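# Summary of structural features
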Amino acid sequence: MKFVKNAWYCAGWSSSITRSPIDRKFMGEPIVLYRSESGAPVALSNRCPHRFAPMHKGCVKGDAIECPYHGLQFDTSGACVHNPHGDGHVPQAARLKAYPLFERDGIVWIWMGEPAQADPSLVLDSKYTAFVTDAQTFATGVGDLKVKANYLMVMDNLLDLTHAPFVHPTTVGGRPEDSVGGGLQVKFEEDESSVTSNYFVPGMPPTPQLAPMYPLPTGDFRITMRWEPSSNLAMSLTMTPPGQPDGSGVVLPLLHLLTPIDETHTHYFFAISRNVAIDNEQAHAGMMEFARKAFEEEDEPMIAACQEQMGTTDLFSLKPVLLQTDVATVKARRKVESLVKNEAAQ
Amino acid sequence: MKFVKNAWYCAGWSSSITRSPIDRKFMGEPIVLYRSESGAPVALSNRCPHRFAPMHKGCVKGDAIECPYHGLQFDTSGACVHNPHGDGHVPQAARLKAYPLFERDGIVWIWMGEPAQADPSLVLDSKYTAFVTDAQTFATGVGDLKVKANYLMVMDNLLDLTHAPFVHPTTVGGRPEDSVGGGLQVKFEEDESSVTSNYFVPGMPPTPQLAPMYPLPTGDFRITMRWEPSSNLAMSLTMTPPGQPDGSGVVLPLLHLLTPIDETHTHYFFAISRNVAIDNEQAHAGMMEFARKAFEEEDEPMIAACQEQMGTTDLFSLKPVLLQTDVATVKARRKVESLVKNEAAQ
Amino acid sequence: MKFVKNAWYCAGWSSSITRSPIDRKFMGEPIVLYRSESGAPVALSNRCPHRFAPMHKGCVKGDAIECPYHGLQFDTSGACVHNPHGDGHVPQAARLKAYPLFERDGIVWIWMGEPAQADPSLVLDSKYTAFVTDAQTFATGVGDLKVKANYLMVMDNLLDLTHAPFVHPTTVGGRPEDSVGGGLQVKFEEDESSVTSNYFVPGMPPTPQLAPMYPLPTGDFRITMRWEPSSNLAMSLTMTPPGQPDGSGVVLPLLHLLTPIDETHTHYFFAISRNVAIDNEQAHAGMMEFARKAFEEEDEPMIAACQEQMGTTDLFSLKPVLLQTDVATVKARRKVESLVKNEAAQ
């Protein structure tokens, strides 16, 4: 498995990590997540070094977690601090790998590579994530799902939204013949640390989902999908009164944070938000159901079906026929390849 | 996987192939089947060359089929004829493999090898298949099932019907001690292009299934099972007043068309028919239930269990203890081996 | 797969082997078990040499078993004694492998190695097993389950009972802080043919399970767990009035007989017994439910989870951190390694 290890990945939404330990698998490594008594998130190997039992089935006692099989206890640094048997001797090798974490804006980030290189300044900039906890301006919901595909397949899906009218006819909506074509302007941007797909449709009637939030008959429809390696995507969907500056109308910020479970499975964390009707519970339930349906029932089965038909995770080895709309995905994949290569060379 | 590619296989009963695309897997290749506006059957690779999405989840539009992921459209030759994105440019490599088909007597045949060699004169002769659509003389039902075994294991089962009293006690019926033994005459025939097992029991009481169709206390019972490579079997079961010419009494023609899904799975298409009580709906329902039960509940589990116990699809490598009753199956397997070898040499 | 072949393993409790054939898989070999007309247990390969059908789906006729596919019959020595087809000729190679069995004390033992070396004097001594059928002194129940782990993982679990307060809080009971620690005396013993773990807690209050059987407020609590290669464990749990000789109070003898199904699955046969309230049906139901719950719902998931996390069956290759409590399991594993090595050298 070749992943970019020296990078921050989403380990979970802050709300999902509590005093009750949960298990995750990232890049094939079993991990247990919990919070210490002070509330700090903790990430340790989920495999006891004694008999390889899954730690998340054990109890958290104070700051330590107890192995469910024979009761060894490990502190937040991964050191074994208690052996309940015999004279209580703790062998020096008895420790769990500890993973650096960083928590901000309702997101717990995990560093899968060299702990010494875990620089918090490399975390996805707060300007892309602050909305998650900005309850004054936004109504935000978060969720997650597992995708039966390599994480780059999910990234491909997100960096090329021209799939929407075909894959999301009942959620994003729109008949292909209406929504894809002349009116749509697509632009790809790239800098050293990101790739962005921009979509712009001037003077479009609001989609079914936008109609309740946007009172005018037409508006300027924009989507920005910005990807940063290895796999964090910040998206913004706006509907603006014709000719007005972007952001002055309806603004829906989203996050798509993709963490590889293994070569063919991805933990997909999403946040979806809106700057209108922020106290309307029905609107909120509708937004979350929209996201769940679009990501779980429409995107996931399609991405998983492609992965299954490919029989490999090396897309380029299959010589795909590339279209103009693939530019962003190809640029992003090339960046990932280069990062993996650099890490291997170190 | 070693299959005879240059041969006609059943892709499906005509009635199962419609304007709504369906997916099949033959010899490991994913295939989508549908009909064009003119009603002609179409078989294309079920894997879009762009992102490898399964085409059968898309829509048929006119004669073309549209990819469910990004909307590329392909015509019946497999050529991409529409790209809904950007300037609509279609890369030259954008095409689906098209498979030659031939439709006759309610059967759609597919050619898995070199298209240029797809000679319709090689299709199983109509004298063996015409009954399927001959509603004047016969009442016919068709069906299909998946067998968890290599297709040659199903062929073995059919070319040696001495399993009947053991595997089919409640359908074909008969206690082993009655039905197998002195009265049964078995004869194997072989020519360049077929192997046939013949079974003859003179002056036998009708089996439970035959009794309602055959009024006399005894009759001459005959089964002919004729195999043609690579895996199409035409069967005839007759019950004739003693001493009368074969065919002058009850005639039940059957087809067993075996199409390899992969090394260890087979798509088994069957037709079963009768020349008596052809308008009797109850008799028809009984005949179909008999076939379903015999093939699905009795043969399939036995064949699948053998395959599972073998742990390989190379029967001869296991040095099976062969009996006189295996003559036909061994002859047929040798023919298949020789055909595979010839194709490899080409 | 590396197993100790020249050893006796439990094939089943006597009560589970009847005239109706059942299938087992031991060390990857499919086996059919039934009883002859005289009541003697029979173990044959479960794979017909003709077409590899599973024999246990066939009928037992007299002392012979009939193949469910084409009706070949084999006697208790594995020789084919009847071919119902054609002239009835039986090829010389038509035979099933026969496995030596030995039955005593309600247990049917099977020898997986060289038949000539199947010496009944090597069967686990009757002093450890006689209680199973000694209805005068003991009330005994037997059971079995499948464990998704290598058999040595189950042995490890049994030879180190310090897992009890962590894995069995609701059955064996006891808070870890009470039951593990100062009061517990652990002693390991080893001789040429066995490894034993001894646990002793003087003057302990009875556990919830023992309380109804033991009327005094405290007692001397002892467990002896004796392992003999390759994988048979005899256990004795006693609760004795303080200072009295062991065995003069409550005695619960148990057996844990582990038979490898394959590298990662184990057939776990257990017997549990008591020398008190032997006619009390409610006590019996409670004891059996205790065993079922402790072994099936608590031990099995933990052992299977460890095996799954290990991803190999070679424990030592993972460099486990060993504790003082692992002494017995390591000794036993070394004995098994040495036996496997000796067999390979022969």
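Not measured: the values here are computed from a predicted model.

## Digging into the overall build of chain A
In terms of helices and strands, chain A carries six helices and 17 strands. Scaling as 2.2 N^0.38, a compact globule of 346 residues should have a C-alpha radius of gyration of about 20 Å, and chain A matches this with 22 Å. Expressed along its principal axes, the backbone C-alpha trace of chain A runs to roughly 75 × 50 × 35 Å. Counting the 346 residues in chain A, one finds 54% classified as buried. Sequence separation of 24 or more characterises 56% of the internal contacts of chain A that already satisfy a separation of 6 or more. Carbon and sulfur atoms provide 52% of the accessible area of chain A, an area that totals close to 14300 Å². Separation of charge centres in chain A, based on 29 positive and 40 negative side chains, amounts to 5 Å.

## Quick word on the packing of aromatic side chains
Residues and elements named next belong to chain A. By the definition in use, this model includes 21 aromatic pairs over all chains. Look at Phe-131 and Phe-138: their rings are 6.2 Å apart centre to centre, the planes differ by 70°, and that puts the pair in the edge-to-face class. Here Phe-131 matches Phe-138 in class, with each residue buried. Taken together, the ring pairs connect Trp-8, Phe-102 and Trp-111 into an aromatic cluster. Above the plane of the ring of Phe-316 lies Arg-334, whose end atom (NZ or CZ) is 4.2 Å from the centre.

## Focus on the UniProt feature "domain: Rieske" (unreviewed entry) in chain A
Sites flagged by UniProt as "domain: Rieske" (unreviewed entry) map to residues 8–110 of chain A. Helix makes up 0% of residues 8–110 of chain A and strand makes up 40%, while its end C-alpha atoms are separated by 5 Å.

## Notes on the packing of helix 2 (residues 151–159) of chain B against helix 5 (residues 281–310) of chain B
All names here are of chain B. The N-to-C vectors of helix 2 and helix 5 enclose an angle of 130°; their axes lie 10 Å apart at closest approach. When the axes of helix 2 and helix 5 are compared, the pair comes out oblique. As for the relative orientation of helix 2 and helix 5, their crossing is right-handed in sense. Of the residues in helix 5, those touching helix 2 at Met-153, Val-154 and Asn-157 are Asp-299, Ile-303, Cys-306, Gln-307 and Met-310.

## Topic: the relation of the copies chain B and chain A
Overlaying chain B with chain A gives an RMSD of 0.0 Å, the required rotation being 120° about an axis along which the chain moves by 0.0 Å. Interpreted geometrically, this transformation is the action of a three-fold axis. Closest approach to the rotation axis among the C-alpha atoms of chain B is made by B:Gly311, whose C-alpha sits 13 Å away.

## Some details on the environment of B:Val123
Within the secondary structure, B:Val123 sits in the loop between strand 10 (107–111) and helix 1 (126–129). Classification of B:Val123 as buried rests on a relative accessible area of 5%.

## Things to note about the environment of C:Gly62
Residue and element names in this part refer to chain C. Summarising the element assignment, Gly-62 is placed in the loop between strand 5 (60–61) and strand 6 (64–66). Using a relative accessible area of 25% as the deciding quantity, one classes Gly-62 as partly exposed. Separated by 27 residues in the primary sequence, Gly-62 and Arg-35 place their C-alpha atoms 9.7 Å from one another. Contacts of Gly-62, omitting those with residues within four sequence positions, involve Arg-19 and Glu-37.

## Considerations on the sheet that holds strand 11 (residues 139–147) of chain A
Residue and element names in this part refer to chain A. Taken together, seven strands build an open sheet; the order of strands is 11-17-16-15-14-13-12 and the sheet is antiparallel. Each edge of the open sheet is held by one strand with a lone partner, namely strand 11 and strand 12 (185–191). Within this sheet the neighbouring strands show an average axis-to-axis angle of 15°, counted without direction. Pairing geometry for strand 11 and strand 17 (residues 265–274), over nine bridges, is antiparallel. Residue Val-147 lies in a different strand from strand 17, and its bridge partner there is Thr-266. Relative to the sheet, helix 2 (residues 151–159) contacts strand 11, strand 12, strand 13 (194–204), strand 14 (219–228), strand 15 (232–240), strand 16 (250–262) and strand 17, its axis offset from that of strand 16 by approximately 160°.

Thresholds applied
- Residues numbered from 1 in each chain as written.
- Chains lettered and ligands numbered in written order.
- Predicted model: local features only at pLDDT ≥ 70, side-chain atom pairs only at ≥ 80, totals over all residues.
- Heavy atoms only, no water.
- Helix = DSSP H or I, 4+ residues; strand = E, 2+ residues; numbered from the N terminus.
- Rg over C-alpha atoms; globule rule 2.2 N^0.38 Å.
- Buried < 20%, exposed > 50% of the residue type's maximum accessible area, 1.4 Å probe, protein only.
- Contact = heavy atoms within 4.5 Å.
- Areas by Shrake-Rupley, 256 points an atom, 1.4 Å probe, with all protein chains shown as cover.
- Lys, Arg positive; Asp, Glu negative; His and termini not counted.
- Charge placed at Lys NZ, Arg CZ, Asp CG, Glu CD.
- Phe/Tyr/Trp six-rings, centres within 6.5 Å; stacked < 30°, edge-to-face > 60°.
- Lys NZ or Arg CZ within 6 Å of the ring centre and 35° of its normal.
- UniProt positions renumbered as here; feature names shortened; annotations may be inferred.
- Axes fitted to C-alpha atoms, helices over the stretch in contact; angles between N-to-C directions.
- Parallel < 35°, antiparallel > 145°, perpendicular 65-115°, else oblique.
- Left-handed = near helix turned anticlockwise from the far one by under 90°.
- Least-squares fit on C-alpha atoms with pLDDT ≥ 70 in both.
- Pairing = 2+ DSSP bridges.

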